[in-house]
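Listed below, chain by chain, are the residues.
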Amino acid sequence: HRSRADGASAAHLPRNLDPGATYRVLVRAPDLMGFQSVSESRLHLDVVAPLLTTPTFTLPGSGSIPGVGTFTVTANATDNFCIGSILLHGRSPSGVNVSAPMSPPTGYECAQSRTIASRWSIELALAPQLRSEPGVWRYSLEVLDAAGNNATSDCVNTSVRDDTPPAVTNPTLPAAHTAA
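Keep in mind it's a predicted model, so treat the numbers as computed, not measured.

The rules behind each value
Residues numbered from 1 in each chain as written. Predicted model: local features only at pLDDT ≥ 70, side-chain atom pairs only at ≥ 80, totals over all residues. Heavy atoms only, no water. Helix = DSSP H or I, 4+ residues; strand = E, 2+ residues; numbered from the N terminus. Contact = heavy atoms within 4.5 Å. Areas by Shrake-Rupley, 256 points an atom, 1.4 Å probe, with all protein chains shown as cover. Core = buried A, V, L, I, M, F, W, Y, C linked by side-chain atoms within 4.5 Å. Buried < 20%, exposed > 50% of the residue type's maximum accessible area, 1.4 Å probe, protein only. Phe/Tyr/Trp six-rings, centres within 6.5 Å; stacked < 30°, edge-to-face > 60°. Polar contact = N/O pair within 3.5 Å; in protein donor to acceptor, adjacent residues only side chain to side chain. Pairing = 2+ DSSP bridges.

Undergrad: How would you summarise the overall build of the protein if you had to cite specific residues and measurements?
TA: Helix and strand content of the protein: 0 helices and 13 strands. When its helices and strands are written in sequence order, the protein yields β-β-β-β-β-β-β-β-β-β-β-β-β. Sequence-distant contacts in the protein: of pairs separated by 6 or more residues, those separated by 24 or more amount to 61%. For the protein, the computed accessible surface area is about 12,100 Å², with 54% contributed by carbon and sulfur atoms.

As structure tokens, this is what we get:
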């Protein structure tokens, strides 16, 4: 424990703590008059990166993702403590990088000191930037656990169809000719 002139203090943890273990931490803070405050807490050290599957795409019969409408991407992730978030990253055919957060399963909660496996998903109708242009897209997942450890999946190449009908604006017709 070390105190600075501005009143801030820092503590240093021993180097040989067991990753994944939970420790009891007791903090005593005395003032110049001799009064002290004591606080006790638990500290969990999580240095284990989450495990992640590559994105799961159930492609329609055409073998590509529709450019419009509903389409769900799912991913399975496992962590020894808690999955914090999963992002779906996409790289468009023109090289634009976009991302959107995936949703945890209904009722998902982090639980301490146990392995957590969960299936996350994203509905692309709610993230149109992830299929904004037709062509071959590169998708990957990034999972972050509650302790800040992360893992990234391999990329999956998938085609996005052009389902947008052509736009017709201000059509003009030639003047009608009448027979004399």
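Undergrad: Just give me the short version of the environment of Cys-110, but keep the residues and values in it.
TA: With respect to the secondary-structure elements, Cys-110 resides in the loop between β9 (97-101) and β10 (116-123). Cys-110 sits 35 residues away from Asp-145 along the chain, and the two C-alpha atoms are 9.9 Å apart.

Undergrad: So, the nonpolar core: which residues are in play, and what are the values?
TA: In globular proteins that are soluble, nonpolar side chains generally tend to be buried together. Core analysis: the largest hydrophobic core is formed by 22 residues, its most contacted members being Ile-86, Leu-88, Met-102, Ile-122, Leu-124 and Leu-130. Breaking this core down by element, the ones donating at least two residues are β7 (72-79), β8 (83-91), β9, β10 and β11 (135-145). When residues of this core are assigned to their parent elements, the largest contribution, 4 residues, is made by β11. Beyond its immediate sequence surroundings of up to four residues, Ile-122 is in contact with Phe-71, Thr-72, Val-73, Leu-88, Ala-100, Pro-101, Met-102, Ala-127 and Leu-130.

Undergrad: I'd like a description of the packing of aromatic side chains, backed by residues and values.
TA: Scanning all chains against the criterion turns up 2 aromatic pairs. Taking the centre distance of 5.5 Å and the plane angle of 65 degrees together, the rings of Tyr-108 and Trp-120 count as edge-to-face. One end of the pair, Tyr-108, is in the loop between β9 and β10; the other, Trp-120, is in strand β10, with 12 residues separating them in the sequence. Taking 5.8 Å as the distance between ring centres and 10 degrees as the angle between the ring planes, the aromatic pair formed by Trp-137 and Tyr-139 counts as stacked. For the pair Trp-137 and Tyr-139, one class covers both residues: buried.

Undergrad: Could you give me a rundown of the side chain of Asp-145, with the residues and numbers involved?
TA: Here Asp-145 is to be found in strand β11. Overall, Asp-145 belongs to the buried group, its relative accessible area being 2%. A distance of 2.8 Å separates a polar atom in the side chain of Asp-145 from the backbone nitrogen of Asn-149.

Undergrad: Explain the environment of Val-27 to me, and be specific about the residues and the numbers.
TA: Here Val-27 lies in strand β3 (residues 22-30). Distance in space between the C-alpha atoms of Val-27 and Ser-37 is 8.1 Å, their sequence separation being 10 residues. In this structure, Val-27 is in contact with Ser-37, Val-38 and Ser-39, ignoring residues within four places of it in sequence.

Undergrad: Give me the lowdown on the pairing of β9, citing residues and values where you can.
TA: A one-sided burial pattern is seen for β9, the buried positions being Val-98 and Ala-100 and the unburied ones Asn-97, Ser-99 and Pro-101. Here β8 runs beside β9; their pairing, made up of 5 bridges, is antiparallel. Its bridge partner lying in β9, Leu-88 is registered against Ala-100. Once β8 ends, the chain turns through 5 residues before running back antiparallel as β9, passing Gly-95 with a positive phi of about 95 degrees.

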